[in-house]
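Structural characterization, general
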Amino acid sequence: MKTRLEKVYERHFCHTDFKKLAVFDLFLRDQYFAKSFRNLFFTVFNHYKMLRCFGSGIAEELTTLPPEISQLNNLTMLGLWGNRLTTLPMEISLLNDLTKLYLSGNRLTELPPEFIQLNNLTKLYLSGNRLTILPTEITLLNNLTTLDLSYNQLTKLPPEINHLNNLERLDLKGNPLTFPPIEIAEQGIEAIREYFTALQNPLNVRPPGDAPPRKKDQPLNQVKLLLVGEGAAGKTSLVKQLFDEDFDTHEDTTHGISIRNWKVEENGDTPLRVNIWDFGGQEIMHATHQFFLSRRSLYVLVLDGRRDERPEYWLRHIESFGGDSPILVILNKHDSNPSFDVNRPFLMQKYPAIKGFFRTSCANGKGIARFRKALLKELAKVEMIGIRWPGSWFRVKERIEELNRPYISSEEYCDLCTEAGISEPQSREVLVDFLHDLGAAVHFSDFVLKAMHVLDPVWITEAVYKIINAEEVADARGTLGLNSLGNILPYTKDEKLSWPEATHVFILELMKKFELCWSLGEQAVLIPQLLPIAEPKFSFDYENALGFVLQYQDFLPPSVMPRFLVKRHGRTDRSRTASAGAPG
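Anyway, here's the lowdown on the structure attached to this text. (Residues numbered from 1 in each chain as written. Predicted model: local features only at pLDDT ≥ 70, side-chain atom pairs only at ≥ 80, totals over all residues. Heavy atoms only, no water.)

Let's talk about a nonpolar patch on the surface
A cluster of nonpolar residues, Phe538, Phe540 and Tyr542, forms a patch on the protein surface that exposes about 360 Å² of accessible area. Take Phe540: it is sitting in the loop between β20 (524-526) and α18 (560-567). (Patch = residues over 30% accessible without salt bridge, like charges linked within 9 Å, V, L, I, M, F, W, Y side chains within 5 Å. Areas by Shrake-Rupley, 256 points an atom, 1.4 Å probe, with all protein chains shown as cover. Salt bridge = Lys/Arg side-chain N within 4 Å of Asp/Glu carboxyl O. Helix = DSSP H or I, 4+ residues; strand = E, 2+ residues; numbered from the N terminus.)

Written as structure tokens, this is what we have:
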């Protein structure tokens, strides 16, 4: 009578001539490593150089690796992917001949310290685990050419990663990295090396204000705060409350964008510099807001309870351009509308970036203290604040802030980077993206738009405002001849709000990017927002046509139809177009 062990052996091993196999693939069950079976297993496989052990289903995945794995001392490749390993035995470090180790798709939370003894490893795959820390010692595996750490939970890398001189491929996608910033990490190992090298060789950079000179790299301690909402909702009054300024019943409506710098000093910590962007709520300017909405920021949505208010319109707006930036929702003017509220559970479930709702009144100060406390708490959590900048990055940022100009060319920006010691194109691209998120420079990676960086948001918003409100464009029913831009956008040397002809292409391309217009041939563009309201006359066989009715549950923003026309203009009959619709 055969024992169960003998039956397992017969079924899986006895009919195989292992010596003829270069590599053995095994659908491995934990029962193969039961104590009664270990000696048999390791006796059979101890001459192998390559062994792949992976699960064929949830019930058959490997959960532990026995210490006897060290007996397979001839292995040069070991594949253990797709199992449920949570730890590795220290004895794995005795596999001195290993050059390739595949551990992807397990549940590892850490690597044993003895891991560094695998100094012949050239390829190490740890993708899809639960690693939160990469031990500094891993940088002693100096023969590594490939290190896959994608889709773990790493927030930082040890700077000693630069010591892996043979490393050619480092995959870090899917990790919540802040050190180095994920944008640097995604550029590859060369960008990471330059980032850490720059941190180790800081410049003597002068910080703003009366802070002491920077000798080494530092966290940025700067963040962008954006207030959005309908016109006259009380955004400007709310900002004034943060500065302890008096409430003005007759506060002027903000046109375009107002920017103020707020220096926050709490509990003796390093001062936090907050760039407050107060956006005007006029419908005609909503499209230009998209130029400046950025990631790694904090948003405040101000509502005041009017009937035509659109909280989801603004929340979707933030979600589209701000990514997962946190949001505080203000239910303002509590003194005049105390019963006003929104469906909080619904909005928080649909928009998880919302961190809280606050009833406020700028007229009597109700709720301001609670809002301010929550605001400071959320500001301290914004990802941008904790990112460590090399001294060279600070130098470029400060040189840009010193320029009293509305824009610079990409060549001038590169010169500033070269002057500061930033030579790699990847680092320059990442830095300008950070400057965009801070509001120090408006930057887009599109081919034409990449040629220029806007330093003054008023300069670009005023240009778009002038075009949209130009009488000659209105008279032409939304058609803008490019030869008329010189009249609409005047140029006077030495004036900040001035638009030389060389900037016109950039302005129009920016309007096209954000679906404000489309080209009509080479000499004109059409701005659908300025098309006639009335539907054009045309004949149509209604009786024999299939009809559809599209009902929009929420308030339909006026900007939706013009943007739809821009997207679909290739299928639109220009002679029969109106801002209310476009029959095709």
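Here the narrative resumes, following the displayed structure.
Some thoughts on the environment of Pro89
Mapping Pro89 onto the fold places it in the loop between β3 (77-79) and β4 (100-102). Sequence separation of Pro89 and Phe115 is 26 residues, and the distance between their C-alpha atoms is 9.6 Å. Among all residues touching Pro89, those that are not within four sequence positions of it are Leu65, Pro66, Pro67 and Ile69. (Contact = heavy atoms within 4.5 Å.)

Digging into the packing of aromatic side chains
Summed over the entire model, instances satisfying the criterion amount to 18 aromatic pairs. Ring geometry for Trp389 against Trp393: centres 5.6 Å apart, planes inclined by 75°, an arrangement best described as edge-to-face. Ring plane angle 45° and centroid distance 5.5 Å describe the contact between Trp389 and Phe394, whose orientation is recorded as tilted. The same class applies to Trp389 and to Phe394, which are both buried. Pairwise contacts between aromatic rings join Phe179, Tyr195, Phe196, Trp389, Trp393, Phe394 and Phe434 into one cluster. The cationic tip of Lys224 hangs over the ring face of Trp277; the distance from NZ or CZ to the ring centre is 4.2 Å. It is Arg260 that lies over the ring of Phe243; its NZ or CZ is 3.9 Å from the centre. (Phe/Tyr/Trp six-rings, centres within 6.5 Å; stacked < 30°, edge-to-face > 60°. Buried < 20%, exposed > 50% of the residue type's maximum accessible area, 1.4 Å probe, protein only. Lys NZ or Arg CZ within 6 Å of the ring centre and 35° of its normal.)

Examining helix α13 (residues 425-438)
Under the 1.5 Å per step criterion, the end-to-end length of α13 is 20 Å for 14 residues, consistent within 8% with the ideal 20 Å. Counting buried residues along α13, 10 of its 14 residues qualify, which places the element largely inside the surrounding structure. Within the span of α13, buried status applies to Ser427, Arg428, Val430, Leu431, Val432, Phe434, Leu435, His436, Asp437 and Leu438. Once α13 ends, the next one or two residues include Gly439, with phi positive near 90°. (Expected span 1.5 Å × (residues − 1).)

Side note on the nonpolar core
Soluble globular proteins: nonpolar side chains tend toward being buried together. Counting residues in hydrophobic clusters, the biggest one holds 96 residues, and the most contacted among them are Leu101, Phe115, Leu170, Val300, Leu375 and Trp389. With residues near it in sequence (within four places) discarded, Leu375 still touches Leu225, Leu242, Trp262, Leu298, Val300 and Leu328. Core analysis: the next-biggest nonpolar cluster, separate from the first, contains 55 residues, Tyr351, Ile467, Ile488 and Leu510 among them. (Core = buried A, V, L, I, M, F, W, Y, C linked by side-chain atoms within 4.5 Å.)

As for the pairing of strand β11 (residues 272-279)
For a regular strand, side-chain orientation follows a simple rule: the groups alternate between the two sheet faces. Summarising burial for β11: 7 of the 8 residues are buried, a large majority. Of the strand pairs in this sheet, strand β9 (residues 222-228) and β11 are connected by 6 bridges, and their pairing is parallel. The residue of β11 that forms the bridge with Leu225 is Ile276. As paired strands, strand β10 (residues 257-264) and β11 are joined by 8 bridges and run antiparallel to one another. Directly across from Arg260, in β11, lies its bridge partner Ile276. (Pairing = 2+ DSSP bridges.)

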